[in-house]
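# Inside the fold
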Amino acid sequence: DQIVVMENAVISQLGAPKELYTRPANPFVADFIGEANLLDVDVLDVAEQTARVRADTLEVAAPYYRPPRPGEQAKLVIRPEDIRISMDEQQQGLKGVVKFAQYQGASNDYIIETAAGELSMNDYEAKGLLLDRGTPVSLTFRDDHLFLIC
């Protein structure tokens, strides 16, 4: 199956559903095909298949659709289900505070305020615990699910 995503009567991207979800060509496609956090990042260096980027204390490598240049600004696509949350202040990760929390049955949904921006996430591993607003947390990410848009 192929999907065509159009924006203002122009094709933004053509591809299989999984490709559009995991490797969106631009912010419009990332947000159109499911929910996406688009975090502003600075490109530190570029390898053949990945670029190392930074936002606040977060530094990760992510594959890209179009090769970026070091020093360029880009968007890091982070899907809500690919964020892990911890109350362990010693854990490495992006530090933040719970701004919104809602029990959804199979998951707890959160909006986390960080110095790098707000991130929405779905915690499927909550085991019945819903964190209160104002709770300090540390966020980590499934590195193999991150993607860079330049």
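So, here is what we can say about the structure in this document. (Residues numbered from 1 in each chain as written. Predicted model: local features only at pLDDT ≥ 70, side-chain atom pairs only at ≥ 80, totals over all residues. Heavy atoms only, no water.)

### Some remarks on the overall build of the protein
- Along its length, the protein carries two helices and 12 strands.
- Going from the N terminus to the C terminus, the protein shows its helices and strands as β-β-α-α-β-β-β-β-β-β-β-β-β-β.
- Its C-alpha atoms give the protein a radius of gyration of 16 Å, within 12% of the compact-globule value 15 Å for 150 residues.
- For the C-alpha atoms alone, the extent of the protein along its principal axes is close to 45 × 35 × 25 Å.
- Expressed as a percentage of its 150 residues, the buried residues of the protein come to 40%.
- Sequence separation of at least 24 residues holds for 58% of the intrachain contacts in the protein that already meet a minimum separation of 6.
- Roughly 8,400 Å² of accessible area belongs to the protein as shown, and the carbon and sulfur atoms make up 49% of that amount.
- Across the protein, 14 positive and 24 negative side-chain charges occur, with their mean positions spaced 2 Å apart. (Helix = DSSP H or I, 4+ residues; strand = E, 2+ residues; numbered from the N terminus. Rg over C-alpha atoms; globule rule 2.2 N^0.38 Å. Buried < 20%, exposed > 50% of the residue type's maximum accessible area, 1.4 Å probe, protein only. Contact = heavy atoms within 4.5 Å. Areas by Shrake-Rupley, 256 points an atom, 1.4 Å probe, with all protein chains shown as cover. Lys, Arg positive; Asp, Glu negative; His and termini not counted. Charge placed at Lys NZ, Arg CZ, Asp CG, Glu CD.)

### Here we look at the sheet that holds strand β12 (residues 147–149)
- Taken together, the five strands give an open sheet; going across it, the order is β5-β4-β3-β6-β12, and neighbouring strands pair in antiparallel fashion. What marks the edges here is a single partner per strand, and that holds for β5 (58–63) and β12. Each strand axis lies, on average, 45 degrees off the axis of its neighbour in the sheet, ignoring direction.
- In this sheet, β5 lies alongside strand β4 (residues 50–55) in antiparallel orientation, the contact comprising six bridges. (Pairing = 2+ DSSP bridges. Axes fitted to C-alpha atoms, helices over the stretch in contact; angles between N-to-C directions.)

### Looking at the pairing of strand β8 (residues 94–103)
- Examined bridge by bridge, β8 and strand β11 (residues 136–141) share four bridges and lie antiparallel to one another. Looking across to β11, one finds that V97 is bridged to P136.
- Note: β8 against strand β9 (residues 108–114), seven bridges, orientation antiparallel. By the bridge assignment, A101 is partnered in β9 with Y110.
- The antiparallel pairing of β8 with β9 creates a hairpin that spans four residues between the two strands, and G105 there sits at a positive phi of about 90 degrees.

### Focus on the pattern of salt bridges
- Enumeration over the complete set of coordinates arrives at seven salt bridges.
- Among the ionic pairs, D40 bridges to K75, the shortest N-O distance being 2.5 Å. Residue D40 is found in strand β3 (residues 37–46), and its partner K75 is found in strand β6 (residues 73–78); the two are separated by 35 residues along the sequence.
- Between E125 and R84 there is a salt bridge, with the nearest N and O atoms lying 3.8 Å from each other. One end of the pair, E125, is in the loop between β10 (117–123) and β11; the other, R84, is in strand β7 (residues 83–86), and 41 residues separate them in sequence.
- A single network of salt bridges, built from pairs that share partners, joins R52, R54 and E59. (Salt bridge = Lys/Arg side-chain N within 4 Å of Asp/Glu carboxyl O.)

All we've got here are geometric facts, nothing functional implied.
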